Structure formats: structure tokens, C-alpha cells
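Remarks on the overall topology
So you can see what is in the structure, the chains are spelled out below.
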Amino acid sequence: TKTRDSFATKMNDLVAKYRKVDEEFFEELEEILISADVGVETVMELIEELEMEVKRRNIKDTSEVIEVISEKLVEIYYGDDEQEVEQLNLNENGLSVILFVGVNGVGKTTTIGKLAHMLKEEGKTVMLAAGDTFRAGAIEQLEVWGDRVGVEVVKHSEGSDPAAVIFDGIQAAKSRGADVLLCDTAGRLQNKVNLMNELAKVKRVITREIPEAPHDVLLVLDATTGQNAMSQAKTFSEATDVSGIVLSKLDGTAKGGIVLAIRNELSIPVKFVGLGEKVTDLQAFDANSFVYGLFADMIDQSTSADE
Amino acid sequence: MAFEGLADRLQKTIQKIKGKGKVSEADVKEMTREVRLALLEADVNFKVVKDFVKRVKERAVGQEVMESLTPGQQVIKVVKDELSDLMGGEQSKIAVANKPPTVIMMVGLQGAGKTTTTGKLANLLRKKHNRNPMLVAADIYRPAAINQLQTLGKQLDMPVFSLGTEANPVDIANQAIEKAKEEHHDYVIIDTAGRLHVDENLMGELQEIKESVNPDEIFLVVDAMTGQDAVNVAESFNEQLDVSGVVLTKLDGDTRGGAAISIKAVTGKPIKFAGMGEKLDELEAFHPERMASRILGMGDVLSLIEKA
Ligand SMILES: Nc1nc2c(ncn2[C@@H]2O[C@H](COP(=O)(O)OP(=O)(O)OP(=O)(O)O)[C@@H](O)[C@H]2O)c(=O)[nH]1
Ligand SMILES: Nc1nc2c(ncn2[C@@H]2O[C@H](COP(=O)(O)OP(=O)(O)OP(=O)(O)O)[C@@H](O)[C@H]2O)c(=O)[nH]1
Ligand SMILES: [Mg+2]
Ligand SMILES: [Mg+2]
């Protein structure tokens, strides 16, 4: 049942493995979180706070510590923000423009295909703009997704100015009365200053056409990425004011724990997670199941050890 | 939080023990703690770090460090030496088959850089080794993957073998090699679809291709930004395919690249090439020494050792 599978129950299983809340317990917790790419600094802060809480409340029993762990993790994740920030920021009476940014190969184009499908299922008219004019086969790739989902793709030829494609995309979307325009861009590493300036220009062009646009700037992060994701989040935010994260490739064994630190430090929420290469493999982010995922291996181990 | 290199991290401890005639075990412990943190922040896998720090500690409490006048620098030197040992020497040779064509297979996770590296390797083989490679489009899954490789082929003016997306990758690979023999290509580079190391079906497909074409090289392509999961990926690909080498891509970024250590530690396979950009001439021989300095915090480490 749902209740049995809930996060708290799983955490129960986990802590049941340890009779005492001792050094060994905290060591394993530290390793689990570090191996999930949460980042040493965040993990050490968390463990320190936990140890203090445990002392303060005089907790000896492992089952009592669950509550504290969940509290802390959720606190780190949400900070002072409202949960609504995880929703897509759509303009209900007119065109919404969503800009996709990120380093090379993280899943931008694929996520656009999946999100187009999701929005279309909700009854919206969606269009795509092929703003990656650089990478070999990038335009064709987006066109395949357009065909798959059944939405129109606005494109120019390879090597043309990305800002011009996006500009045309907006004009086309306006004249067709589309609800949402999803804009693809070429992957770029955040330390390439020229390419980051190019991206800032793309964003300016969008804002010039529609003052409140882009309604969302989604940074796609590959869950396999380690600590560099923090630098990606910082630099892409400086260039394009990122409003949300898509955490892709969570169907692998990587956990993407760095988004906890990103949320904590930069207050950028995760809005979606990518769980595969199919058109339906995109889900709204759920902090509880994400946090559970961080511990999944540990819990599996402890439950199988019980059997 | 700016990344602190190992040198910065050790500076404090070094200052503290400067005046002392001798270092205590507690001092060494403090220093190895900083080593651990620096490596973890650079994305070296925590298990690899654990073993590594243990080795460093053993050497650091030895005479060479404890009795040195500059113990802090000595610890850095030990770390650097151990890391260099672990990373091995430079190995950017590509196999040559007794009977051409030499067959190279590119494998790895989604988006790692296989297709781009296929083009880069072909370019390198022609430019540096005067070879005449053929590219093979065996990724039938990713949208426009064939198109991508064909575009690269056009840029390089090199043939790309394809049977479209309806054919089976094993057949594609086999027929490509026949064609390469007919047309006297001395190298065949097979671009395969990205896949998860835990995807049994798709990993099985790679094993089938391998058994069928018996490649001379299997290159595992890994993104240099990979975090703790690099060990799972590398171990798993290597167990299932016995790869012959690794290509680390996207090293033109600002990642520390600790995955390099993890991959080397768990597979023992050499990292042969480094991807340094998106363009087809941006592939370099991999330099283990430089990588070790990069992971530890670049040149400042070397200058500290020089002072030792
Ligand atoms: N397993 C898995 N693969 C994914 C996911 N999202 C994308 N991919 C794959 O990752 C690879 C790269 O995806 P793209 O969408 O081309 O990435 P991109 O960011 O547009 O790449 P560039 O435009 O080259 O920078 C493709 O093989 C996708 O099928 C995911 O959630 N899970
Ligand atoms: N900056 C940089 N980008 C790279 C490098 N190697 C590959 N890329 C980029 O990374 C992205 C993914 O590269 P691909 O060659 O399509 O990766 P792949 O492994 O074939 O991807 P799939 O076939 O989808 O699994 C593209 O945007 C490439 O241009 C590199 O060394 N540096
Ligand atoms: Mg793309
Ligand atoms: Mg490819």
C-alpha cells in the first residue's frame, strides 16, 4: 500500500538497522549522502545539526531520529520558499515562452519533447523553436520530437543566429495563437563567456518581444553530474536568471543530490525530473520521493538484511 | 562556496606546524582530513577516497614526512605521488589490427559525447596517423542520431555507413565491416546509442555487437563532470564489455574532474584521450600528471611542492 511505502516507513526500516544513534550511524548517513552527490559541505552541516539536535532532545533511540532527519532534509530543500514555485509559471491568457538552457548533452532537447507532450495532453497548443543551430543534427532531432508529439517546429538552417530563430518562433506562436512556445538552445559549458553572452542575448530578444517573458527559464541538469552542477546553476543564473531546474536521467543509478545544495544556496527549485528517453518519461518533482531516493540503496540493504 | 584546492586547505595546518620541530600524528590526521575533503569536493568517489587517504596516511606517518623540515609540503608531495601512481603514465596509442580494418567501438551513457568523439577520433586517425577511417551509425534509437553522424562525416569528408533505423545494430556493424574491407578502409569506428549501465537489454546488445565484430578497441566515453556515480558506470561497463580504454570528455569546462581517479581506480583501464571542445579537432592525448594537478587545485600545488 501507499502508506507502507511512504518515506517515513522506509526511514523506519533504515534506522531499525541501528540500535543506537552512534558514531557509526552518522558515518553511514554521511556516506550515503555524499555518494548521492549532495556535496561534502552540505552533508557535514547537516550531520552536525543532526548531532546537535540528537543531543539537545536527548535522543537515544534510532526511531526518534527519523523525524529529525526528515525535518532537516525538507528544511534544506524548501528553505523559506513556498511550494508553489515548483509549478510551471504559465501565462493563462496568452502566449507563454519557456527557455531551456544547460551544458552539453544534459537532455534539453529531449525534455522539450517530453514537456511538449505533457502540455499538449493538458489541452494546450504548443510550438517549438529550434534555437540550437550549432550542434550537428540538433535541428533534425527537435523535428523528430515535433513529429512524435505532433507540434509545429520553427527552424532556420544550421549555423544561423539563434536569437533570430527564437524571434521568429515568437512571431509564429503569436500569429497562430499558441499557448506555449518551448525554446531549445545549444548546449554550452558555463565557462565559455562568449556562448553565455549569446544566451543572455537570446533571453533579451524574448523579453523585448514580450516584456513578462520568458515565463520560465529552465536549467537542465544531468543527475549524473557531481559538484560542477553548482557552478552551472550559478553561472547560468547570472546569464539568464534561471527560474527552475529539470533534473534529467534520474532513471539511472545517480541520485542528483546536488540539487539540495543548489536549492539551499541559490533558492532555485527543481520543477521536473527526467526518468527515461520516452515521451512520457517526465514527471513533476516531488521532494519526498526525491529524498527517499537518496536513501533507497541503504534501505534496500537493510530490508534485505532483515529477510 | 568557492572551491578550495588542496594547497589552500593545507595552508592553515602548514602554518600551525611551521615552528614545530616535529609533526605529531594528530597533525597528520588533520592534514589527511583536508586531503579527504579536497578529493570529495573534486568528485572523487568516497570509497576511492577512503582507500586513498589510508595509503597517504600510512606514508605520511613514516619517517620521510615526520622528520622533514617541511612536513606540510611533504604530505602534498605524497598525495601528488600517490595520485600520479594511481593515474598511471600517458597512453594514447590506438590499437592496430593485424588484418585491417581495425575496429573501434564507442560506448557510454546518454549524452557523454560518443558521437562527437567518433568524429574526433576519425579526424585524428587521418591527420596524425594518415589513416582512412569509415564511421558507422549504429545508434538506431536516439532521434536524428544517424543524421548527426552523417553531418560530422560531411564536415570531415568521410564516409558514414548506415542502414537506417530499422536495421539491427549487430547487422549494421557486421555489414559495415564487410563494406570497409571492400573499400579498403583501415579503421572502422562504430558509434553506438547511449544507454544506462543497468539497462540489461541494451547492454546485451553491446555484448552481441562485441562478440560479432570482435573489436580491437572498446572506448568507454565518460563526461568529466560525472560525480559519485562514475564508479558504478565505469565498473559496470567494464564488467560487461571489458573496455580497452576511456575517453574523458568536456574537460574544457571548469570541473575538477575527480571522476578520472574513480574510473581509473575501479577499472584499472587507461584514460587515453581528453575531449577539449565541441569541434572535431578538439581531442587530445590524456595527461595523467596534469589531471592530478587539476583535481588537487592546479599549479599552486606544484609550487608548494617545489618549496619543499
Ligand atoms: N536515460 C535517460 N536519458 C535521457 C534523459 N533525458 C535525455 N536523455 C538522453 O540523453 C541524451 C542527450 O539528450 P539531449 O536531449 O540531446 O540533450 P541536450 O541537452 O539537448 O544536448 P545538446 O543539445 O547536445 O547539448 C540523449 O540520448 C537522450 O535520449 C532521461 O531522463 N533519462
Ligand atoms: N564542450 C564540449 N562539449 C562536448 C565534448 N564532447 C562532446 N560534447 C558535446 O556534448 C553533447 C553530447 O555529445 P554527443 O556526441 O551527441 O554525445 P553522445 O554520447 O553521442 O550522446 P547520445 O548518442 O545521445 O548518447 C554535444 O552537445 C556535443 O557537442 C567536449 O569535449 N567538450
Ligand atoms: Mg539539444
Ligand atoms: Mg550519440
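Above: the structure in question.
In what follows, the accompanying structure is described. All values reported here derive from a predicted model rather than from experimental measurement. (Residues numbered from 1 in each chain as written. Chains lettered and ligands numbered in written order. Predicted model: local features only at pLDDT ≥ 70, side-chain atom pairs only at ≥ 80, totals over all residues. Heavy atoms only, no water.)

Re the pattern of salt bridges
Applying the stated criterion across every chain yields a total of 26 salt bridges over all chains. For Asp-281 of chain A, the salt bridge identified is with Lys-278 of chain A, shortest N-O distance 3.6 Å. As a salt-bridge pair, Lys-179 of chain B and Glu-183 of chain B come within 3.6 Å of each other at their nearest N and O atoms. One salt-bridge network, held together by shared partners, links Glu-53, Arg-56 and Arg-57 of chain A. (Salt bridge = Lys/Arg side-chain N within 4 Å of Asp/Glu carboxyl O.)

Focus: the environment of Ala-138 of chain B
All names here are of chain B. With respect to the element layout, Ala-138 can be found in strand β2 (residues 133-138). A residue is classified by how much of its surface remains accessible, and Ala-138, at 0% relative accessible area, is buried. Distance from Ala-138 to Ser-162, taken between C-alpha atoms, is 7.3 Å for residues 24 residues apart in sequence. The residues contacting Ala-138, other than those within four sequence positions of it, are Pro-169, Ile-172, Ile-190, Asp-191, Thr-192 and Ala-193. (Helix = DSSP H or I, 4+ residues; strand = E, 2+ residues; numbered from the N terminus. Buried < 20%, exposed > 50% of the residue type's maximum accessible area, 1.4 Å probe, protein only. Contact = heavy atoms within 4.5 Å.)

Thoughts on the site of ligand 2
Neighbouring residues of ligand 2: 23 residues in total, closest Gly-113, Lys-114, Thr-115, Thr-116 and Arg-142 of chain B. More than one chain approaches ligand 2, the contributing ones being chains A and B. At a separation of 3.3 Å, an oxygen atom of ligand 2 approaches a polar backbone atom of Gly-277 of chain B. Starting from 650 Å² of accessible surface for ligand 2 in isolation, the protein chains cover 96%. For the shell around ligand 2, the element with the most residues is helix α6 (residues 114-129) of chain B, which contributes four residues. (Near = heavy atom within 4 Å. Polar contact = N/O pair within 3.5 Å; in protein donor to acceptor, adjacent residues only side chain to side chain. Areas by Shrake-Rupley, 256 points an atom, 1.4 Å probe, with all protein chains shown as cover.)

Details of the site of ligand 1
Residue and element names in this part refer to chain A. Taken together, the neighbourhood of ligand 1 is formed by 22 residues, with Lys-108, Thr-109, Thr-110, Arg-135 and Glu-277 sitting nearest. Thr-109 is positioned with one of its side-chain polar atoms (N or O) 2.8 Å from an oxygen atom of ligand 1. Measuring from an oxygen atom of ligand 1, one finds a side-chain N or O atom of Glu-277 at 2.5 Å. Summarising the interface, the protein chains cover 96% of the accessible area of ligand 1, which totals 650 Å² for the free molecule. Here the element with the most residues in the shell around ligand 1 is helix α5 (residues 108-121); it accounts for four residues. Taken together, the residues of the shell around ligand 1 break down into three nonpolar, 11 polar and eight charged. (Nonpolar A, V, L, I, M, F, W, Y, C, P; charged D, E, K, R; others polar.)

Here's the deal with the packing of helix α2 (residues 25-41) of chain B against helix α3 (residues 46-60) of chain B
Residues and elements named next belong to chain B. Interhelical geometry of α2 versus α3 gives an angle of 150° and a closest axis separation of 10 Å. On the basis of the axis angle, α2 is roughly antiparallel to α3. Every pair of crossing elements has a handedness; the one defined by α2 and α3 is right-handed. Between α2 and α3, the residues in contact are Val-28, Thr-32, Val-35, Arg-36, Leu-39 and Leu-40 and Phe-46, Val-49, Phe-52, Val-53, Val-56, Lys-57 and Ala-60, respectively. Of the residues contributing to the contact of α2 with α3, the split by class is 10 nonpolar, one polar and two charged. (Axes fitted to C-alpha atoms, helices over the stretch in contact; angles between N-to-C directions. Parallel < 35°, antiparallel > 145°, perpendicular 65-115°, else oblique. Left-handed = near helix turned anticlockwise from the far one by under 90°.)

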